Amino acid sequence: MWKKLLWIAVTLLGLGSIAILSMSRGEQINALWIIVAGLCAFAISYRFYSKWLASKVLLLNDERATPAFVQNDGKDFVPTNRWMVFGHHFAAIAGPGPLVGPVLAAQFGFLPGTLWILIGATLGGGVHDMIVLFASVRRRGKTLGQMVKEEIGRGVGALALISVLAIMIILLAVLGLVVVQALAKSPWGVFTIAMTIPIALLMGAGLRSGLFNVSWITAFGIVGLFFAVWGGQFLGNFPAFEAWFRHSDRWLAWAIMAYGLAASILPVWMLLTPRDYLSTFLKIGTVAALAVAVALIHPVLQMPALTKFIDGTGLVFAGPVFPFVCITIACGAVSGFHSLIASGTTPKMLERESRIRDIGYGAMITEMMVALMAMIAACVIQPGEYFAINTKGTPTEVVAKVSAAGFPVTEPQMADLARNLGEQTMFNRAGGAPTFAVGMAHMFARVSASPTALALWYHFAIMFEALFILTTIDAGTRVGRFLLQDLLGNLWRPLGNTRSWIANSFASMLLVAAWGWFLYQGVIDPLGGINTLWPLFGLANQLLSVIALCLGTTLLIKMGKARYLFITIVPLLFMAVVTFSAGYMKIFSADPKIGFLSGTHSLLETGSGIANASGGADLVRQANVWRFDAFVAATFLLLVLLILIGSAAEWYRLLAGRKRVELHESEFVPLAEVAAS
């Protein structure tokens with residue numbers, strides 16, 4: 001009875017928090033209500049919904065040996081401690097989405113993004129991640145493309161392989177570009193991230209040797225990480241040493257490519273898993289510290305619940321609140337990229353099937369809390385400063401534009417902000433990452449009386465974001481290598497052999513060359529690079545989730561669980577509406593600020609009327625970039641539409657009994673038998 005009363009109280013508290021956030025109009029709201037709503041949603045969804053999925057729908061069975069034991073090869077398939085697997089998985093899935101996405105979506109007000117994060121993560125993202133991880137574990141660690149081909153059909157599977165690989169290349173290039181921009185000429189950030197590599201190698205070697213248990217390895221890693229983070233701020237006292245870590249964006253681009261290649265080829269226990277595990281302490285620790293800071297200083301949300309920009313006339317980006325709030329937030333609620341990790345590295349390391357619930361669902365709703373913290377960070381700073389940071393143009397133009405929109409700000413105010421942060425200017429710092437750093441620094445600095453606290457915490461936040469995003473590149477590259485080997489194996493079987501060092505190295509170099517080319521083009525030509533890749537990131541990421549949910553729906557039918565189809569069909573239909581409506585707007589909208597084609601036409605018309613040859617050439621180049629965006633977006637939409645049609649036809653044949661149900665599942669191997677051998 002007491003337990004029931006406790007959960008009823010938690011439910012009422014969560015609903016009450018959401019009601020306060022939703023009904024506020026004009027009055028100031030404490031940011032703590034967002035934290036309370038998130039914690040209640042976290043507790044209820046994990047305790048009840050994920051447990052029901054594990055015990056009633058998926059029927060997880062700890063007596064069944066996982067691929068990590070059955071196919072243990074010491075490189076990709078390695079039984080790994082549950083906390084290290086959780087650390088790797090969370091670090092790999094928590095990329096720029098939960099940090100940058102909510103910050104950008106804050107232009108609509110704090111309410112739309114907060115509601116989508118709470119609903120999307122618990123009912124969509126958690127189910128998406130959990131069912132893909134379950135499917136891959138039951139199929140010897142196969143990738144998303146392989147499973148679609150086997151379970152839905154060869155034609156659909158071929159389309160899925162091509163789509164997923166193409167989308168993966170774009171995603172990795174975007175992730176790399178964000179990291180380069182965050183770390184360029186930032187010795188502190190480069191030092192901390194560089195130090196995590198030797199620390200991770202020592203952790204991996206120590207755990208592999210069997211001489212130390214995971215507790216000692218963890219303690220060593222935490223101490224090493226603390227000194228790596230703390231020591232970076234003193235590099236300025238040693239100019240010669242600092243020069244080792246002060247590099248240009250081009251140098252960093254090559255370094256990130258080299259790191260991605262090493263993480264893809266080396267055994268998973270040596271670098272990838274311990275480094276991601278190490279990064280998770282900083283990620284979760286910083287987010288937990290943010291939650292404590294919110295509880296202690298209880299900041300007021302300066303951004304209103306809803307702004308005038310829900311109609312699509314936003315200063316940060318153009319587009320109406322639906323569907324663009326879902327596309328922009330991406331990983332914080334539902335993310336297709338998670339399906340690549342859940343069918344790539346993670347299923348090859350799980351020791352027990354019951355961990356699928358902890359890692360598949362648990363990591364997703366942990367990321368939900370990260371997204372809510374990012375939303376708070378964006379909304380506790382003055383709205384005028386928020387829009388001035390994220391609006392393009394000269395300082396005078398930005399101040400006039402933002403003030404005219406009803407959010408007053410002045411140039412001296414922005415100059416004071418930049419000086420307090422230790423920056424030259426905070427104008428034209430669009431992209432979300434600087435805004436999150438400003439909000440985070442404001443909250444942490446309020447617990448210290450030091451005049452330099454704001455600048456210190458701002459640069460710590462920039463480094464933290466770069467570390468947050470970099471850990472998705474290593475796992476993403478390794479997963480991309482699996483996908484590429486699936487495709488190459490159809491052309492020549494030896495290239496698909498993941499146990500071959502030669503095949504692994506060849507596929508890794510091809511993949512890194514593909515996303516590295518896009519990354520380098522973005523670095524040497526920032527205008528073309530960022531405008532080519534970033535608009536496609538959210539759309540491509542959400543399209544991947546549609547493919548993964550198609551697979552999940554097919555598996556439920558084949559498992560005889562058709563009565564539970566609503567758990568995948570509802571998020572599938574919603575994400576299909578979101579992605580296709582957003583894709584249509586991005587390609588065909590008559591508003592040149594939204595539509596690629598109308599934007600291209602507008603730029604060409606403007607360019608033809610400019611006498612300055614270089615200025616006209618820049619506009620023509622930008623027009624070509626948007627034309628390329630339109631082509632890539634249309635291609636992605638067409639491929640996913642064909643996958644949807646093929647999947648629906650397969651569901652009809654299965655449900656109507658016109659096709660024999662065949663589960664391409666590995667046979668049951670008792671865990672006790674494998675352990676004994």
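Description of helix α12 (residues 249-265)
Okay, step 1: Under the 1.5 Å per step criterion, the end-to-end length of α12 is 25 Å for 17 residues, consistent within 8% with the ideal 24 Å.
Okay, step 2: Among all positions of α12, only Leu252, Ala253, Ile256, Met257, Tyr259, Gly260, Ala263, Ser264 and Ile265 are buried.

A few points about the environment of Ile162
Okay, step 1: Note on placement: Ile162 falls in helix α8 (residues 154-183).
Okay, step 2: Given a relative accessible area of 46%, Ile162 falls into the partly exposed group.
Okay, step 3: Through-space distance from the C-alpha of Ile162 to that of Gly145 is 8.4 Å; in sequence the pair is 17 residues apart.

Side note on the packing of aromatic side chains
Okay, step 1: Per the counting criterion, the structure on display carries 25 aromatic pairs.
Okay, step 2: Between the aromatic rings of Trp52 and Tyr564, the centroid separation amounts to 5.3 Å while the plane-to-plane angle is 90°, which identifies the pairing as edge-to-face. With a gap of 512 residues between them, Trp52 in helix α2 (residues 32-57) and Tyr564 in the loop between α23 (526-558) and α24 (566-588) connect regions that are remote in the sequence.
Okay, step 3: Between Phe191 and Phe241, the ring centres sit 6.5 Å apart and the planes meet at 70°, which makes this aromatic pair edge-to-face. Of the two residues, Phe191 sits in helix α9 (residues 187-209) while Phe241 sits in helix α11 (residues 239-242), which places them 50 residues apart along the sequence.
Okay, step 4: Residue Phe191 is classed as buried on the basis of its relative accessible area of 11%.

As for the packing of helix α4 (residues 82-93) against helix α16 (residues 355-379)
Okay, step 1: Put simply, α4 and α16 touch, their axes get as near as 10 Å, and they point 45° apart. By the angle between their axes, α4 is oblique relative to α16. Seen from above, α4 lies across α16 with right-handed handedness. Contacts from Arg82, Val85, Phe86, His89, Phe90 and Ile93 of α4 reach α16 at Arg355, Asp358, Ile359, Gly362, Ala363, Met364, Thr366, Glu367 and Val370.

Some thoughts on the side chain of Asp474
Okay, step 1: By the element assignment, Asp474 lies in helix α21 (residues 453-491).
Okay, step 2: Overall, Asp474 belongs to the buried group, its relative accessible area being 0%.
Okay, step 3: Polar side-chain contacts of Asp474 include one of 2.6 Å to the side chain of Tyr259.
Okay, step 4: In contact with Asp474, not counting residues within four places along its chain, are Tyr259, Ala263, Leu272, Arg275 and Asp276.

Let's talk about a nonpolar patch on the surface
Okay, step 1: Nonpolar side chains collect at one region of the surface, where Val223, Phe226, Phe227, Trp230, Phe234, Phe238, Phe241 and Trp244 lie side by side and expose about 880 Å² of accessible area between them.
Okay, step 2: Here the nonpolar patch gets 4 residues from one element, more than from any other, and that element is helix α10 (residues 214-231).
Okay, step 3: As for its position among the elements, Trp230 is in helix α10.
Okay, step 4: On the basis of relative accessibility, which here comes to 42%, the residue Trp230 falls in the partly exposed class.

Structural notes on unusual backbone geometry
It is generally the case that most residues other than glycine have a negative phi and that most peptide bonds are trans.
Okay, step 1: With an omega dihedral of 15°, the bond running from Phe322 to Pro323 counts as a cis peptide bond.
Okay, step 2: Structurally, Pro323 is set in helix α14 (residues 321-329).
Okay, step 3: Not every positive phi belongs to a glycine, and Leu59 is a case in point at roughly 55°.
Okay, step 4: Positionally, Leu59 belongs in the loop between α2 and α3 (67-70).
Okay, step 5: With relative accessibility at 44%, the residue Leu59 sits in the partly exposed group.
Okay, step 6: Backbone geometry places His298, a non-glycine residue, at a positive phi of 30°.
Okay, step 7: Positionally, His298 belongs in the loop between α13 (272-297) and β2 (300-301).
Okay, step 8: Residue classification places His298 among the partly exposed positions, given a relative accessible area of 44%.

Parameters at a glance
Residues numbered from 1 in each chain as written. Predicted model: local features only at pLDDT ≥ 70, side-chain atom pairs only at ≥ 80, totals over all residues. Heavy atoms only, no water. Helix = DSSP H or I, 4+ residues; strand = E, 2+ residues; numbered from the N terminus. Expected span 1.5 Å × (residues − 1). Buried < 20%, exposed > 50% of the residue type's maximum accessible area, 1.4 Å probe, protein only. Phe/Tyr/Trp six-rings, centres within 6.5 Å; stacked < 30°, edge-to-face > 60°. Axes fitted to C-alpha atoms, helices over the stretch in contact; angles between N-to-C directions. Parallel < 35°, antiparallel > 145°, perpendicular 65-115°, else oblique. Left-handed = near helix turned anticlockwise from the far one by under 90°. Contact = heavy atoms within 4.5 Å. Polar contact = N/O pair within 3.5 Å; in protein donor to acceptor, adjacent residues only side chain to side chain. Patch = residues over 30% accessible without salt bridge, like charges linked within 9 Å, V, L, I, M, F, W, Y side chains within 5 Å. Areas by Shrake-Rupley, 256 points an atom, 1.4 Å probe, with all protein chains shown as cover. Salt bridge = Lys/Arg side-chain N within 4 Å of Asp/Glu carboxyl O.

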